[in-house]
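Structural overview for review
Letter by letter, the chains look like this.
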Amino acid sequence: MIAHALGGLAHLAGPRSLGAAAGQVLAAALLVLGLAGAALADPLPSWNAGETKSRITAFVEAVTDPASADFVPRAERVAVFDNDGTLWAEKPLYFQALFAFDLLKQRAAADPSILTSDTLKAAAAGDLETVLAGGVEALLEVVNASHAGLSVADFQAASRDWLETALHPETGRPFVAHVYQPMLELLRFLRDEGFATFIVSGGGIHFIRAYAEDAYGIPPRQVIGTVAESAYERVDGVPTIVKKPGIAFLDDKAGKPVGIDRVIGRRPILAFGNSDGDFEMLEWVTGGQGARLGLLLHHTDDAREWAYDRESHVGKLVRGLDEAETRGWRLVDMARDWKTVFPERE
């Protein structure tokens, strides 16, 4: 192709305009090389070659090729992703829970009366084990006590500041540095191929919306999460949305397909999770007609991240491990399938 382009231009130029022809030939060569390079560029450079990467790229090619029997119109190319443990890390505890602990400690220093239970006292003292022993209910109690009463704007500003400045207790890096580089590439690849990408998380919707656009390129309107109670109030004469105690909608397990239906209004064709909290989402997405892809990130890399599944208090993966193969879902092995985990340090 390149030789043909060079030869054609040289012939058109003729011997009398060799200088101009040389310039045209060079320009054509650079153009062709550039187009060839773009065509050959790997959209997933942080993914190792193998069955997982091949399955993802083959699926995307099939649903975006108008000549394919599996072609899906652009408007129907919807991909949904869990957040904690799928798009970024979740150890030693969900990052929003760690934020809630710090926020509760700050608020309790100003008003100790908010520590109305042993769970809240333990959280304010940094006693993770006691809180975790109380399960999801204890975590929700901490979240309610730390978040309620704040305006959404103030809460999101505090969330962004914490994510950028607080340091992870084990890695010593800011929490925003724990997004997964291979997942950033996959999100970008899908959007380049006409997909709309959504987050579907058990985490709080206002917390995720505070950083999702900067971290993942996913705007607030494409975030589906757990919704706390809130109310419209005039605060010092200013119209304000204020967070209240209680959960209006829990976006986890069977709640995820319901949340997707309410917000998106159509069944996605790709779902990516990492725990049994995502099971129903993958089940619903892959249960539709036509080409479908279900993916589960299996945390197998205790050298670069953390290795966990069945016995973990966060990101527990039991049913997904047992049933992925029979359901046609792909287990993405972090240690085997990813060249790198986190973005390079600046």
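Let me begin by describing the structure that accompanies this report. (Residues numbered from 1 in each chain as written. Predicted model: local features only at pLDDT ≥ 70, side-chain atom pairs only at ≥ 80, totals over all residues. Heavy atoms only, no water.)

Of note, Lys243 is situated in strand β4 (residues 238–249). No salt bridge is formed by the buried Lys243; its nearest oppositely charged neighbour, Glu229, is found at 10 Å. Within polar-contact distance, the side chain of Lys243 engages the side chain of His206 at 3.0 Å. (Helix = DSSP H or I, 4+ residues; strand = E, 2+ residues; numbered from the N terminus. Buried < 20%, exposed > 50% of the residue type's maximum accessible area, 1.4 Å probe, protein only. Lys, Arg positive; Asp, Glu negative; His and termini not counted. Salt bridge = Lys/Arg side-chain N within 4 Å of Asp/Glu carboxyl O. Polar contact = N/O pair within 3.5 Å; in protein donor to acceptor, adjacent residues only side chain to side chain.)

Further remarks concern a negative patch on the surface. On the surface, Asp161, Glu164, Glu213 and Asp214 cluster together into a negatively charged patch. By the element assignment, Asp214 lies in helix α11 (residues 212–216). For Asp214, a relative accessible area of 72% translates into the label exposed. (Patch = residues over 30% accessible without salt bridge, like charges linked within 9 Å, V, L, I, M, F, W, Y side chains within 5 Å. Areas by Shrake-Rupley, 256 points an atom, 1.4 Å probe, with all protein chains shown as cover. Charge placed at Lys NZ, Arg CZ, Asp CG, Glu CD.)

This model, assessed by the stated rule, comprises 14 aromatic pairs. Seen from their ring centres, Trp47 and Trp338 are 5.8 Å apart, and the 75 degrees between their planes marks the pair as edge-to-face. Taken as a pair, Trp47 in the loop between α2 (18–40) and α3 (51–64) and Trp338 in the segment after α15 (334–337) lie far apart in primary sequence, 291 residues in all. Each member of the pair, Trp47 as well as Trp338, carries the same accessibility label: buried. A centroid spacing of 4.6 Å and a plane angle of 25 degrees characterise the contact between Trp88 and Tyr211, whose relative ring orientation is stacked. Separated by 123 residues along the polypeptide, Trp88 in the loop between β1 (78–81) and α4 (95–110) and Tyr211 in the loop between α10 (205–209) and α11 bring together distant segments of the chain. The same class applies to Trp88 and to Tyr211, which are both buried. Every member of this aromatic cluster is reached through a ring pair, and the members are Trp88, Phe95, Phe99, Phe155, Trp162, Phe175, Phe207, Tyr211 and Tyr216. Across from the ring centre of Tyr308, 4.5 Å away, lies the NZ or CZ of Lys91, which sits over that ring. Above the ring of Phe155, the side-chain terminus of Lys243 is found at 4.7 Å from the ring centroid. (Phe/Tyr/Trp six-rings, centres within 6.5 Å; stacked < 30°, edge-to-face > 60°. Lys NZ or Arg CZ within 6 Å of the ring centre and 35° of its normal.)

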